[in-house]
Amino acid sequence: FPASSSSADKSISFYYIPDGNGNWKKTDPRIDQSSITAMNGKHNGNLIPLIRLLKSWNANSRAAPRISSYHLETMLINAFKYQSAISEVRRSVPSAFGQIASLILSSCADPKGFGPNLDLALDWETRNKVSTAAKEMEQYSNWALMYESDDKDKDAIYWWCRVFPNFPPYG
């Protein structure tokens with residue numbers, strides 16, 4: 001539900017949402033929407049599809065523990081903030097996995113500044129497992145792209161299916 005907090009110099013609007021533990025937390029989805037829209041524009045409309053692809057990997061991966069979808073999205077937005085524009089989603093997959101492998105080992109602040117770090121609940125073992133899996137997926141997706149460029153479609157499909165096992169190879 002909407003709320004506001006006023007101070008002498010400014011007024012901050014926010015919403016309260018359930019936190020999943022019987023408590024309420026502050027949020028403002030307009031901040032997230034503004035951020036993702038700007039970054040997606042910088043990347044020629046390719047950042048959102050890349051994030052969705054990696055969220056699918058996160059949700060369905062047998063190689064790594066799941067992390068919060070919002071945490072993953074925030075890491076990827078932060079990672080691609082200073083990179084050159086994405087021209088092709090598929091070719092950005094290895095870089096995205098490389099960024100996840102690195103960033104999962106660091107703290108990730110709430111981009112809205114309302115709450116604690118997004119990685120607060122992750123223990124070191126989980127971070128390491130996600131990092132290791134992301135490094136492996138980075139390598140697999142690089143191999144898939146290499147085989148694609150050599151017109152070895154069967155081999156490319158094999159490696160893409162290792163990265164995204166729930167995606168059908170044809171169709």
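The structure reproduced in this document is the subject of the present report.

Further remarks concern the overall build of the protein chain. A tally of helices and strands in the protein chain yields six helices and three strands. The helix and strand sequence of the protein chain, counted from the amino end, reads β-β-β-α-α-α-α-α-α. Principal axes of the C-alpha set define a box for the protein chain whose edges measure 65 × 35 × 30 Å. In the protein chain, which comprises 171 residues, the share counted as buried stands at 35%. Contacts in the protein chain between residues far apart in sequence, at least 24 positions, make up 53% of those at least 6 positions apart. Just so you have it, the protein chain exposes about 9900 Å², and 52% of that area is on carbon and sulfur atoms. Charge separation in the protein chain, taken as the distance between the mean sites of 19 positive and 17 negative side-chain charges, equals 3 Å.

To continue, consider the nonpolar core. Ranked by size, the top nonpolar core spans 37 residues in total, and within it Leu47, Leu50, Leu54, Phe97 and Ile100 carry the most contacts. Elements that contribute at least two residues to this core include exactly helix H1 (29-42), helix H2 (47-60), helix H3 (69-80), helix H4 (89-103), helix H5 (124-149) and helix H6 (153-163). Looking at this core element by element, the count peaks at seven residues for H5. Here Ile100 is in contact with Leu54, Leu72, Met75, Leu76, Val130 and Ala134, once residues within four sequence places are set aside.

Here we take up the pattern of salt bridges. Here the structure, examined in full by the defined rule, presents nine salt bridges. Across the salt bridge formed by Arg91 and Glu88, the nearest N and O atoms sit 3.6 Å from each other. What makes Arg91 partly exposed here is its relative accessible area of 42%. Across the salt bridge formed by Arg127 and Asp119, the nearest N and O atoms sit 2.4 Å from each other. An identical accessibility class is assigned to Arg127 and Asp119; each is buried. Sharing partners across several salt bridges, the network here consists of Glu88, Arg90, Arg91 and Glu148.

Calculation criteria
Residues numbered from 1 in each chain as written. Predicted model: local features only at pLDDT ≥ 70, side-chain atom pairs only at ≥ 80, totals over all residues. Heavy atoms only, no water. Helix = DSSP H or I, 4+ residues; strand = E, 2+ residues; numbered from the N terminus. Buried < 20%, exposed > 50% of the residue type's maximum accessible area, 1.4 Å probe, protein only. Contact = heavy atoms within 4.5 Å. Areas by Shrake-Rupley, 256 points an atom, 1.4 Å probe, with all protein chains shown as cover. Lys, Arg positive; Asp, Glu negative; His and termini not counted. Charge placed at Lys NZ, Arg CZ, Asp CG, Glu CD. Core = buried A, V, L, I, M, F, W, Y, C linked by side-chain atoms within 4.5 Å. Salt bridge = Lys/Arg side-chain N within 4 Å of Asp/Glu carboxyl O.

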